[in-house]
Amino acid sequence: MVDKSAIAAFRETFTGSVYLSGDAGYENSRNVWNADINRYPAVVASCGSTDEVAAAIAFGRRQGLEISVRGGGHNFAGLAVAEGGLMIHLEKINSVRVDPASKRAWIGGGAALGDLDAACSEHGLAVTAGIVTHTGVGGLTLGGGVGFLLRRFGLACDNLLEAEVVLADGSVVRANRENHADLFWALRGGGGNFGIVTEFVFQLHEIGDTANVGMFFFPPERGVEAMQLFRELRDRLPDDMAIIAFGMRAPDAPFVPDEFRHTHGYFIQLATVGPAAELAAAAAIVREASPAFELVTPMRYVELQSMNDAFNPWGVHGYEKAVYLPAISDDAIDVMQKYLTGTRGAFSYFGAMTLGGQYARVADEDAAWAGPRDAGYHFIMTGTCETAEELVHDRQWVKEFWSDMQPHGMGSGSYINNMNEYDENRVRAAYGAEKYERLSRIKAVYDPENVFHHNQNIKPAATAPA
Ligand SMILES: Cc1cc2nc3c(=O)[nH]c(=O)nc-3n(C[C@H](O)[C@H](O)[C@H](O)COP(=O)(O)OP(=O)(O)OC[C@H]3O[C@@H](n4cnc5c(N)ncnc54)[C@H](O)[C@@H]3O)c2cc1C
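Residues numbered from 1 in each chain as written. Predicted model: local features only at pLDDT ≥ 70, side-chain atom pairs only at ≥ 80, totals over all residues. Heavy atoms only, no water.

> Where do I start with helix 3 (residues 50–62) in this structure?
Since the α-helix turns once every 3.6 residues, residues separated by three or four places project in the same direction. The end-to-end C-alpha distance of helix 3 is 19 Å, a good match for the 18 Å that 13 residues give at a rise of 1.5 Å each. For helix 3, every residue scored as buried is listed here: Thr50, Glu52, Val53, Ala54, Ala56, Ile57, Phe59 and Gly60. (Helix = DSSP H or I, 4+ residues; strand = E, 2+ residues; numbered from the N terminus. Expected span 1.5 Å × (residues − 1). Buried < 20%, exposed > 50% of the residue type's maximum accessible area, 1.4 Å probe, protein only.)

As structure tokens, then:
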């Protein structure tokens, strides 16, 4: 229970908004993307500035409230909402500013990817971002950030130049390669452990306005052939082209013939912001395998970035797990075939994202990012269901699929933004012992009391007694 008079006093001085149960703003704050999360924070502090974030942290600490931080509200495990705690909601810290001359963007800690992409795209610029527009820049970047441009420009966090961070003691620092370099290293993959980022500064890249995209569908009985072709593409196509395979139901979309709508199968997706001829040459290779149907088209980059919104609507029930694969072996394809048609959820899927390119050229020690830079593929299994009942089934599907993929993967560690359970062993496994220990020492400097623990938590290293 929170002291009512303390809340009243906070309300009087706090320049942001305070939402309690029953207030307008409370339900929208506590409801995150994943409808399976149903928690009730005691207080929501909706912030619009760095000072308000600092004031909210101080209030939470004085009251002994568990603090959670909400950016885009997309974390599958609902890390943004702590039962009975204080939610620091960054909804109004969502400004986006782009300087085309220096090719830099200043992005508020609570902005969504759609805002980032739209602002950059006006100038023919972009940075790697995720593939659903309503995902938060905050959680995505702090965890790493994979997307269509990963092979061309690396992870979102690889393109971070600087961050403004409100620390647990309320002080504000700007971290970059020169100042607070240890914190800057930790922010690039270490999650929300070290403070609340109120501004991200990104290096942007010229991409023009157009992306060339190909989607090719293969029905289940041609799955082995489709995935063997998919793995060959890694060596045959330019190393900055996005090459992704999805095992999913074909959508109700104009390019899908009636007989295939809602049926399971494999999509091979190719996307590039390079010349149209590159995509045309790649499409010709895939066409040799006679896909059941295809969509090959230029589109605006922002259209590519919003293409997956329809399959990831707010308020679905979600559960996911991931594994890194060194390669796609025939045995791994057999596992995919076994699980392909086993989902109930309309939007449940698995996906293999080809790594390499610029992602692999960044040195492992450059950032806290937990994934192996020499991995071949990021493989994700996701239950995305319209009802909780369907998710009971598809959660089990994800768990069994993940177990069966383990012999083909690179250990039990996986991308921290594609996990649902964050117990210490799993977080340690995600980072590996060396990176976890380094993060833990940095945590001890910037958040020794582990104020920010409702996240992919790194425990602060024990400090030597003075
Ligand atoms: C539909 C969907 C699509 C996705 N697509 C992709 C994708 O293409 N690529 C990809 O890499 N990931 C993707 N993800 C995973 C996504 O990166 C994570 O869910 C991430 O946590 C989302 O960030 P958020 O700000 O929306 O989340 P929230 O749930 O709001 O935040 C999660 C946690 O991040 C931390 N956090 C967020 N903002 C800040 C901040 N400003 N300062 C400090 N800490 C902060 C906090 O610890 C918070 O609890 C997707 C997720 C979903 C649900």
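> It is not clear to me how the sheet that holds strand 9 (residues 172–175) should be interpreted in this structure. Could you clarify?
Sheets are built from strands paired through backbone hydrogen bonds, the pairs being either parallel or antiparallel. Ordered by their spatial adjacency, 5 strands build an open sheet running 5-6-10-8-9, and the pairing between neighbours is antiparallel. The open sheet has two edge strands with one neighbour each: strand 5 (96–99) and strand 9. Across the sheet, the mean angle separating the axes of adjacent strands is 10° when strand polarity is ignored. Bridge count between strand 8 (residues 160–166) and strand 10 (residues 196–203): 6 bridges; the pairing is antiparallel. Bridge pairing in strand 10 links glutamate 164 to glutamate 199. Lying on the sheet, helix 4 (residues 113–121) is in contact with strand 5, strand 6 (104–108) and strand 10; it crosses strand 5 at an angle near 30°. (Pairing = 2+ DSSP bridges. Axes fitted to C-alpha atoms, helices over the stretch in contact; angles between N-to-C directions. Contact = heavy atoms within 4.5 Å.)

> Hey, could you run me through the environment of arginine 11 in this one?
For arginine 11, the location among the structural elements is in helix 1 (residues 4–13). For the pair arginine 11 and alanine 45, spaced 34 residues apart in the sequence, the C-alpha separation amounts to 9.4 Å. For arginine 11, the residues in contact, after removing those within four places along its chain, are Val18, Leu20 and Asp23.

> Just to check I follow, could you spell out the nonpolar core for this structure?
One finds Leu116, Leu183, Leu187, Phe202 and Tyr431 to be the most contacted residues of the largest nonpolar core, which totals 46 residues. Of all the secondary-structure elements, those providing two or more residues to this core are strand 6, helix 4, helix 5 (137–143), strand 8, strand 9, helix 7 (181–187), strand 10 and helix 14 (424–446). Considering every element that reaches this core, the biggest residue donor is helix 14, with 7 residues. In contact with tyrosine 431, other than residues within four places in its own chain, are Gly189, Gly190, Gly191, Ala368, Ala370, Ile416, Tyr436, Leu439 and Ile458. (Core = buried A, V, L, I, M, F, W, Y, C linked by side-chain atoms within 4.5 Å.)

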